[in-house]
2 protein chains.
Amino acid sequence: MARTTSRRHGPGPGRSKRVVGSITQAAWRPPILPSRLIELLEPDQIEMIHDAALTILEEVGMKVLDTRARALFAGAGATVDEDNMRVRCDRSMIEELVALAPASFTLAARNPGRSLKVGGRHSIFASVGGPAFVCDIDKGRRAGTYAEMCEYLKLIQSLNVLHQEGGGPFEALDLPAATRHLDLYYAEITLLDKNWQPQGLGRERAIDALEMVAISFGITRQALVDMPVFTCIINTNSPLQLDVPMAEGLIAMAEHGQVNVITPFTLAGAMSPVTIAGALAQQHAEAMAGIALCQIVRPGVPVMYGGFTSNVDMKTGAPAFGTPEYTKAAQVSGQLARRIGVPFRSSNVTAANDVDAQAAYESAMALWGCLMGGAHLVLHAAGWLGGGLTASFEKLIVDAEMLQMMAAYFEPLEVSPETLALDAIRDVGPAGHFFGTPHTLARYENAFYAPLLSNWDNYDTWIERGGIGATRRANTVWKRLLAEYEKPPIDSSIDDALRDYMAKRKREGGVATN
Amino acid sequence: MARTTSRRHGPGPGRSKRVVGSITQAAWRPPILPSRLIELLEPDQIEMIHDAALTILEEVGMKVLDTRARALFAGAGATVDEDNMRVRCDRSMIEELVALAPASFTLAARNPGRSLKVGGRHSIFASVGGPAFVCDIDKGRRAGTYAEMCEYLKLIQSLNVLHQEGGGPFEALDLPAATRHLDLYYAEITLLDKNWQPQGLGRERAIDALEMVAISFGITRQALVDMPVFTCIINTNSPLQLDVPMAEGLIAMAEHGQVNVITPFTLAGAMSPVTIAGALAQQHAEAMAGIALCQIVRPGVPVMYGGFTSNVDMKTGAPAFGTPEYTKAAQVSGQLARRIGVPFRSSNVTAANDVDAQAAYESAMALWGCLMGGAHLVLHAAGWLGGGLTASFEKLIVDAEMLQMMAAYFEPLEVSPETLALDAIRDVGPAGHFFGTPHTLARYENAFYAPLLSNWDNYDTWIERGGIGATRRANTVWKRLLAEYEKPPIDSSIDDALRDYMAKRKREGGVATN
């Protein structure tokens, strides 16, 4: 259709469209979740799971390996068996502590325009965090380097649909383990102006993150206490165990008013019961134990409820992701989080090793699971491949498209005399067409979702243009985005202070590693 | 995990697993829709669309090209302008006629075990119908032949997740147009024992279908009147027109008590307003006009409400499918169908020309749209590619996997003392594992969804086994299914009678073609 109108800011989802360089993508706009989510279970069934979880914490308890964490639990009224490092909490203690957590919070970002509301109907999408490997279709899978990690971070900055960096897209294995986290934090701060995730593995890495983020805001670490900037992923060691590094990270973050995201990794049939209800009961117990510990450290500190229940392939023991069981577990996890009034974190996952139809349909099952389950933070929202062992450059783009589509789906459908268009229907009449009507001309540019990756050419045109499938197109998209990346400005004194802090910590030797 | 138990029929979704030949697939079990669907619009918004549709039928009316159809409308009280072939119906006439349609019905199949409930929470999945082309990754896209069409039909018979054949997967262009439908019907009847769809294009094709299906049941055509066997797709020519062949097909089917599926093709921005609300108002008007005509022909005859609203790419005019707009339109279409108490038909669609990530994510958007919208018939549920111009052998398998996953997702999550597994959690305790527990051993074989196509190998194993992506694996799956196809038995006298009918009709010259 010819451009016959200059109306660029009409109503509808297209309003959010923005061409940056040669790539059309949606503008920055964190999604607003539907008012009606999918409630897979009835309230009495949710109550049964909640009650089972409280029974687990009361009767079985958690094994807490960290001495300080056990002391904190004991001080709050838990029964602690020091010989077995076992912590048991009665149900009223857990319920009272969990009730202290706020239902929503705001995360600050270096760019104030990128601050994030989390909770209620406000959701955010974070990039993949934590894989060991990186891959693209040019060079295949390989160990990550710092240089490549920085390229990946630049793409995360460039993709508007990613609202938060997810804690390092993959390990920079060419850097020393003891100080690698410092280089990651520096890159997260300087290559992006978005909110970013720290590593919660041990007190030292947590304190380094807090120091460096404070420097980036030009404030002291102590002043962070009333300004949440971090969602820090804390994984319990399912079943029912909290190890020392995670407990240290949790305590450090909570002391500083930061948001711990307590995420049990309850793979049904391995680290939790083979039945999804049982796996969820255990997940709920572990999550509530972690949330309670945060509230003991600092009453009222924001926290998140992480759901990561999936199942293993019982033939091989390998984890499966984006399965029907995953979808159900994600939606019920959302219900459990709402039951205790804590914002919910879920993930976009697949077991596929190739950026193919399986990767897409498993991610779709995961996204519909977590978003219709009411996830306020979708971690690994873009880039996750191969069961989370790999960050893929092409999957990043495929996922960005899927996320944009979900966000567009969540935009309200307007029903009004203007959109019902009775006058246009009268004017066109039977057997006419709507291409050239004033009603169409006034709206066509912004009427519909504009894709980042999808190709809608008819077959002949598609073949003429090379017959290029989605994964190869994604390869072109990320390379263009990378070529057009613009580094967000940073005050040179802040940059110097960050470099000084890094240099000092490197001289000190960084963190202890085994 | 080693096979340490012989329990094969435990509870859970795995119960439906069935190994046929070398392929593991879900057993025949049409899905039960969730009790709570996604209601995207509020009741008052649905009422606004319904009211706008009634206004359209009252004030603008439908252009009805078929003389007999106009006479039927006139006889029922419509205002008919013969010069302009325009039919206008007041709202009470439409509402009274539409109210005669039943909310559910049962479709008979040649194999009584394959009969289908449609309506309420009962949904069925039908294979792709109508493309001009066929493709696979060995030979690319090409015009269809009868031999290849028969191969495709054999796969539809073999895939348990397909409950109905969708009206011919692609045209057999090596056969004469005047009699091609007879060969299609014969293949549909004899290569499958499932329910199948006829072609409603003109009275003659419809009558041939009715004659041949009656022969296949060993009854007369007149005896079909009280036994629905056909869902016949009737497309209005949007905007607001019903042509002669479709009207003839509709009338023939309704006279014989068969189910017309009235499906306006309201592409927003082309054949309907650029606003989705307007496109839906027009869709609703056209669908109600068709449903009303069926009820004039035979009061109380079962019908279906077809929703096919999507949007065009405003840059090229090409139709887009599986977009966020499509998803919303499908879910609202379900609400509109429920508003008038008529079972709902929707579709699994994509614009992708390759069986790639785009094909999968667009199909996922379509499937979540139509199924959470309460579709009782998902047409094109498997095999559709390239905007519906092509039936793909590999997409058939990808879709079958996605359909199996959706059906497994719909299976209820059991919450009971047994599934909450408190005893198992107590026994395993912190830091243990659940692999070998009695609770796991009693359930593991059938605990989880078993995939048809997905590969869950870890990366190294996946590479060792050739690093084969989903589309190439799908190629292997369909070839195995085809090699292992078993023709369902048919009484030789019925087979002879079908051949005699075909021969007679071919001698007569078949149907008129232009």
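Above this text you will find the structure in question.
Residues numbered from 1 in each chain as written. Chains lettered and ligands numbered in written order. Predicted model: local features only at pLDDT ≥ 70, side-chain atom pairs only at ≥ 80, totals over all residues. Heavy atoms only, no water.

### Overview of the overall build of chain A
Step number 1: Along its length, chain A carries 17 helices and 23 strands.
Step number 2: In terms of C-alpha radius of gyration, chain A reaches 24 Å, essentially the compact-globule figure of 24 Å for 514 residues.
Step number 3: Taken along the three principal axes of its C-alpha coordinates, chain A extends 80 × 55 × 45 Å.
Step number 4: Taking all 514 residues of chain A together, 66% fall into the buried category.
Step number 5: Long-range pairs, those at least 24 residues apart, make up 76% of the contacts in chain A with a sequence separation of at least 6.
Step number 6: Approximately 16800 Å² of chain A is accessible, and the part contributed by carbon and sulfur atoms is 52%.
Step number 7: Charged side chains of chain A number 47 positive and 56 negative; the gap between the two group centres comes to 4 Å. (Helix = DSSP H or I, 4+ residues; strand = E, 2+ residues; numbered from the N terminus. Rg over C-alpha atoms; globule rule 2.2 N^0.38 Å. Buried < 20%, exposed > 50% of the residue type's maximum accessible area, 1.4 Å probe, protein only. Contact = heavy atoms within 4.5 Å. Areas by Shrake-Rupley, 256 points an atom, 1.4 Å probe, with all protein chains shown as cover. Lys, Arg positive; Asp, Glu negative; His and termini not counted. Charge placed at Lys NZ, Arg CZ, Asp CG, Glu CD.)

### Some words on the pattern of salt bridges
All names here are of chain B.
Step number 1: A complete count under the given rule lists 58 salt bridges over all chains for this structure.
Step number 2: The closest approach of N and O atoms between aspartate 423 and arginine 426, which form a salt bridge, is 2.9 Å. Residue aspartate 423 and its partner arginine 426 are located together in helix 13 (residues 422-428), separated by three residues, close to a single helical turn.
Step number 3: Of the charged contacts, one joins lysine 504 and glutamate 508 as a salt bridge, the two residues approaching to 3.6 Å between their closest N and O atoms. (Salt bridge = Lys/Arg side-chain N within 4 Å of Asp/Glu carboxyl O.)

### Observations concerning the packing of helix 5 (residues 180-191) of chain A against helix 6 (residues 203-217) of chain A
Residue and element names in this part refer to chain A.
Step number 1: Contact geometry of helix 5 with helix 6 gives a least axis separation of 10 Å together with a crossing angle of 30 degrees. Classified by the angle between their axes, helix 5 and helix 6 sit roughly parallel to one another. As for how helix 5 packs across helix 6, the hand of that crossing is right-handed. Across the interface between the two elements, His181, Leu182, Tyr185, Tyr186 and Ile189 of helix 5 pack against Arg205, Asp208, Ala209, Met212, Val213 and Ser216 of helix 6.
Step number 2: Partitioned by chemical class, the residues of the contact of helix 5 with helix 6 number seven nonpolar, two polar and two charged. (Axes fitted to C-alpha atoms, helices over the stretch in contact; angles between N-to-C directions. Parallel < 35°, antiparallel > 145°, perpendicular 65-115°, else oblique. Left-handed = near helix turned anticlockwise from the far one by under 90°. Nonpolar A, V, L, I, M, F, W, Y, C, P; charged D, E, K, R; others polar.)

### Notes on the packing of aromatic side chains
Step number 1: Going through the model one piece at a time under the given rule, you end up with 25 aromatic pairs over all chains.
Step number 2: Ring plane angle 50 degrees and centroid distance 5.0 Å describe the contact between A:Trp368 and A:Tyr409, whose orientation is recorded as tilted. Placement of A:Trp368 in helix 10 (residues 357-372) and of A:Tyr409 in helix 11 (residues 393-410) is noted, with a sequence separation of 41 residues between them. The two residues A:Trp368 and A:Tyr409 agree in class, both being buried.
Step number 3: With centroids separated by 4.9 Å and ring planes inclined at 65 degrees, the aromatic side chains of B:Tyr152 and B:Phe393 adopt a geometry described as edge-to-face. With B:Tyr152 in helix 4 (residues 146-158) and B:Phe393 in helix 11 (residues 393-410), this residue pair connects regions lying 241 residues apart in the sequence.
Step number 4: A relative accessible area of 0% means that B:Phe393 is categorised as buried.
Step number 5: Cluster of aromatic residues (ring-pair linked, three or more members): A:Trp368, A:Tyr409, A:Phe410, B:Trp368, B:Tyr409 and B:Phe410. (Phe/Tyr/Trp six-rings, centres within 6.5 Å; stacked < 30°, edge-to-face > 60°.)

### Concerning the interface of chain A and chain B
Step number 1: At the junction of the two partners, chain A supplies 114 residues and chain B supplies 114 residues.
Step number 2: The contact between chain A and chain B buries some 9500 Å² in all, and 69% of this surface belongs to carbon and sulfur atoms.
Step number 3: Counting across the chain A and chain B interface gives six salt bridges.
Step number 4: Across the pair A:Asp460 and B:Arg141 runs a salt bridge whose closest N-O atoms are separated by 3.9 Å.
Step number 5: Between the two partners, chain A and chain B, sit 34 residue pairs in polar contact (both at pLDDT 80 or more).
Step number 6: The biggest single contributor to the side of chain A that touches chain B is helix 10 of chain A, with nine residues. (Buried area = accessible area lost by both parts, 1.4 Å probe. Polar contact = N/O pair within 3.5 Å; in protein donor to acceptor, adjacent residues only side chain to side chain.)

### Re the relation of the copies chain A and chain B
Step number 1: Relative to chain B, chain A is turned by 180 degrees and slid 0.0 Å along the rotation axis, the superposed coordinates differing by an RMSD of 0.0 Å. Here the two chains are linked by the operation of a two-fold rotation axis. Residue A:Ala357 of chain A places its C-alpha closer to the rotation axis than any other residue of that unit, at 2.2 Å.
Step number 2: Looking at the interface residues of chain A, 100% of them are also at the interface in chain B, so both copies use one shared face. (Least-squares fit on C-alpha atoms with pLDDT ≥ 70 in both.)

### Some details on the side chain of B:Glu286
All names here are of chain B.
Step number 1: Examined against the element boundaries, glutamate 286 turns out to sit in helix 8 (residues 276-297).
Step number 2: We note that glutamate 286 is buried and unpaired, the nearest opposite charge coming from arginine 86 at a distance of 11 Å.
Step number 3: A polar contact is formed between the side chain of glutamate 286 and the side chain of threonine 236, at a distance of 2.7 Å.
Step number 4: Sequence-distant contacts of glutamate 286, defined by excluding residues within four places in its chain, comprise Met62, Thr236, Ser238, Pro239, Leu240, Ile262, Pro264 and Thr266.

### Quick word on the sheet that holds strand 19 (residues 319-320) of chain A
Sheet strands pair via backbone hydrogen bonds, and the direction of the pair is either parallel or antiparallel.
Residues and elements named next belong to chain A.
Step number 1: With respect to topology, three strands assemble into an open sheet ordered 16-18-19, the strand pairing being mixed. Either end of the sheet is taken by a strand with one partner, and the two such strands are strand 16 (267-268) and strand 19.
Step number 2: Of the pairings in the sheet, the one linking strand 16 to strand 18 (residues 310-312) comprises two bridges and is parallel in character. Paired with leucine 267 across the bridge in strand 18 is serine 310. (Pairing = 2+ DSSP bridges.)

### Considerations on the pairing of strand 15 (residues 259-262) of chain A
All names here are of chain A.
Step number 1: What you see with strand 15 is no split at all: Val259 and Val261 on one side and Asn260 and Ile262 on the other are buried throughout.
Step number 2: Alignment of strand 13 (residues 231-234) against strand 15, held across four bridges, turns out to be parallel. Opposite isoleucine 234, over in strand 15, you have isoleucine 262 as the bridge partner.

### Examining the pairing of strand 8 (residues 124-127) of chain A
Residues and elements named next belong to chain A.
Step number 1: Of the two faces of strand 8, both are covered, the one formed by Ile124 and Ala126 as well as the one formed by Phe125 and Ser127.
Step number 2: With three bridges joining them, strand 8 and strand 21 (residues 377-382) adopt parallel strand pairing. Residue pairing for strand 21: isoleucine 124 is matched across the bridge by leucine 377.

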